[in-house]
Amino acid sequence: MSKGIQVKTSQQSYRAIVGEGIFEEQIKEISDSFEGDINFLLVDENVEKYHSNIIDHAFEAAGKKLFMMSVPEGEKSKSISFWKTCVEFLLENGVRRNTPVFVMGGGVTGDVGGFAAASALRGVPLIHIPTTVLAMVDSSIGGKTGVNHSTGKNLIGAFYQPQKVVAEIAFLNSLPRNEWANGLSEILKYGAIERADIFDRATFFLEDEISKISREKLTDLIADCIQIKADIVKKDEFEGNIRAYLNFGHTFAHALEKACGYQSISHGEAVYLGMLAAIDLSNHFGANLKPDKLLNYRSLYSYRVSKDQLSLDDLMNHMKFDKKRTNQHIRFVLLKEWQSPILKEVATDTLIHQAWQTALQEI
Ligand code: GLY
């Protein structure tokens, strides 16, 4: 079973395919659609380790010479220096304007690999192969690529759309439990900003064993999330307005990630707390939201950082450097009610402090 979603943007219109058992066929089809006799693959080191058989087999079947480079796991790869390593790898091995560059892994690999594809020769064909739930439902869709800077996350990069996105569900089998929770945060985000039924449909994430999760329900849910994102990106590709709704919880989350040195908290864990904080802040501005829809999933998140290790002053300072800040105020995505997001600039530190305190009770 597979599902296809059309993502329409000004750069190009492309398909995102999600399903089980689609990888080999898709690699061959995509490879065949380009002239030339080489393919590039930038692949997350763990994905390479766990799935080397299927990867080797698929690229051998594609019948072209493969240049493959591993991307070390973790946020440290989303750096200017690793982006440079990727670009040099492409250039030194003869990438051309029509050579496909397959970028396979989670959000970090997709972002840095995508930015390398965007910048080598001013842009070479990029194919995203997301292998985490988070990358499937969010980061591989919509063309955001880039790396971090010492002053904040994602501050250097480009909007660069892939030619195709191939989301092979079988790659999720090797995903550790915390990575499922990581992706769940972005799924719940779509529930909060756009589609109420997602909150109930995601309950299969609570299964004791990942292997018990219905692949059909998973494929449907991932496809629906991609569709929501595709609809938003079609209306606002460059985040002039409504695309910013996809950052629900993220202004808080980015500050938390920075405070934890991008190590002791994952993006999804931070987004989960960030959404709880954003709900609290929304209530200060007249909403009447109960966080239960998110708290139902609380047991899936285990934090490696405690609230005593975090300073509110640091968190506030990190927020003030977030690129979503405008003038002196910090800009948030809040909810008027569920599925009704708004952008709000907040000048009062006390309200933001309170929101932090509410969210940090959970860790
Ligand atoms: N991850 C949010 C966006 O792509 O706009």
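Structure: above.
Residues numbered from 1 in each chain as written. Predicted model: local features only at pLDDT ≥ 70, side-chain atom pairs only at ≥ 80, totals over all residues. Heavy atoms only, no water.

Q: How should I be thinking about the packing of helix H10 (residues 250-259) against helix H11 (residues 267-284) in this particular structure?
A: If you want to describe how two helices pack, look at the angle between their axes and the distance between the axes. Look at H10 against H11: their axes get within 7 Å of each other, and the N-to-C directions meet at 135°. In terms of axis orientation, H10 runs oblique to H11. The handedness of the crossing between H10 and H11 comes out as right-handed. Here His250, Phe252, Ala253, His254, Leu256 and Glu257 of H10 lie close against H11, whose contacting residues are His267, Ala270, Val271, Leu273, Gly274, Ala277, Ala278 and Leu281. The residue makeup of the contact of H10 with H11, split by class, is nine nonpolar, four polar and one charged. (Axes fitted to C-alpha atoms, helices over the stretch in contact; angles between N-to-C directions. Helix = DSSP H or I, 4+ residues; strand = E, 2+ residues; numbered from the N terminus. Parallel < 35°, antiparallel > 145°, perpendicular 65-115°, else oblique. Left-handed = near helix turned anticlockwise from the far one by under 90°. Contact = heavy atoms within 4.5 Å. Nonpolar A, V, L, I, M, F, W, Y, C, P; charged D, E, K, R; others polar.)

Q: Which parts of the structure should I look at to understand the site of the ligand?
A: Residues in contact with the ligand, as listed here, are Asp138, Lys144, Lys229, Glu239, Arg243 and Leu246. Between an oxygen atom of the ligand and a side-chain N or O atom of Arg243, the distance comes to 2.7 Å. Taken together, the residues of the shell around the ligand break down into one nonpolar, no polar and five charged. (Near = heavy atom within 4 Å. Polar contact = N/O pair within 3.5 Å; in protein donor to acceptor, adjacent residues only side chain to side chain.)

Q: Sorry, what's going on with the sheet that holds strand E2 (residues 13-19) here?
A: Hydrogen bonds between backbone groups are what pair the strands of a sheet, and the pairing can be parallel or antiparallel. In spatial order, the strands read E1-E2-E9-E6-E5-E3-E4; together these seven strands make up an open sheet with mixed pairing. What marks the edges here is a single partner per strand, and that holds for strand E1 (2-8) and strand E4 (65-71). The mean inter-strand angle of the sheet, taken between neighbouring strand axes irrespective of direction, is 15°. The pairing of E1 with E2 spans seven bridges and is antiparallel. Paired with Val7 across the strands is Tyr14, a residue of E2. Strands strand E3 (38-44), E4 and strand E5 (101-105) of the sheet are contacted by helix H4 (residues 80-92), whose axis makes an angle of about 170° with E4. Each of E3, E4, E5 and strand E6 (126-130) touches helix H5 (residues 107-119); the most contacted strand, E5, lies at about 165° to it. (Pairing = 2+ DSSP bridges.)

Q: Could you clarify how one ought to interpret the packing of aromatic side chains in this entry?
A: Think of a pair of aromatic rings as described by two things: how far the centres are apart, and how the planes are tilted against each other in angle. A complete count under the given rule lists twelve aromatic pairs for this structure. Seen in terms of ring centroids, Phe40 and Phe67 are 5.3 Å apart; in terms of plane orientation they differ by 25°. Their pairing is stacked. Taken together, the positions of Phe40 in strand E3 and Phe67 in strand E4 put the pair 27 residues apart, joining distant regions of the chain. The exposure class assigned to Phe40 is buried, which follows from its relative accessible area of 0%. Residues Phe252 and Trp356 carry aromatic rings whose centres are separated by 5.0 Å and whose planes lie at 85° to one another, so their mutual orientation is edge-to-face. Placement of the pair is Phe252 in helix H10 and Trp356 in helix H14 (residues 349-360), with a sequence separation of 104 residues. Pair check on accessibility: Phe252 and Trp356 agree, each one buried. Grouped by ring-pair contacts, the aromatic residues Phe40, Phe67 and Phe89 constitute a single cluster. The positively charged end of Lys189 is found above the aromatic ring belonging to Tyr190, 5.0 Å away from the centroid. (Phe/Tyr/Trp six-rings, centres within 6.5 Å; stacked < 30°, edge-to-face > 60°. Buried < 20%, exposed > 50% of the residue type's maximum accessible area, 1.4 Å probe, protein only. Lys NZ or Arg CZ within 6 Å of the ring centre and 35° of its normal.)

Q: Would you explain the packing of H4 against H5 in this entry?
A: The interhelical angle for the contact between H4 and H5, taken along N-to-C directions, is 50°, at an axis separation of 9 Å. Classified by the angle between their axes, H4 and H5 sit oblique to one another. Classified by chirality, the crossing of H5 by H4 is right-handed. The residues of H5 that touch H4, namely those facing Phe82, Trp83, Cys86, Val87 and Leu90, are Val112, Phe115, Ala116, Ala117 and Ser119. Residue composition of the contact of H4 with H5, grouped by class: nine nonpolar, one polar and no charged.

Q: What is the right way to read the environment of Ala135 from this model?
A: By the secondary structure assignment, Ala135 is in helix H6 (residues 133-139). For Ala135, a relative accessible area of 2% translates into the label buried. Sequence separation between Ala135 and Gly107 is 28 residues; the distance between their C-alpha atoms is 5.1 Å. The contact partners of Ala135, leaving out residues within four places of it in the chain, are Gly105, Gly106, Gly107, Pro130 and Ser140.

Q: Hey, could you run me through the side chain of Glu168 in this one?
A: Structurally, the position occupied by Glu168 is in strand E9 (residues 164-168). At a separation of 2.8 Å, a polar atom in the side chain of Glu168 contacts the main-chain amide nitrogen of Gly21. Once residues lying within four places of it in the same chain are set aside, the contact partners of Glu168 are Gly19, Glu20, Gly21, Ile22, Phe23, Pro130 and Met136.

In short, the description is geometric, and any link to function would need to be established separately.
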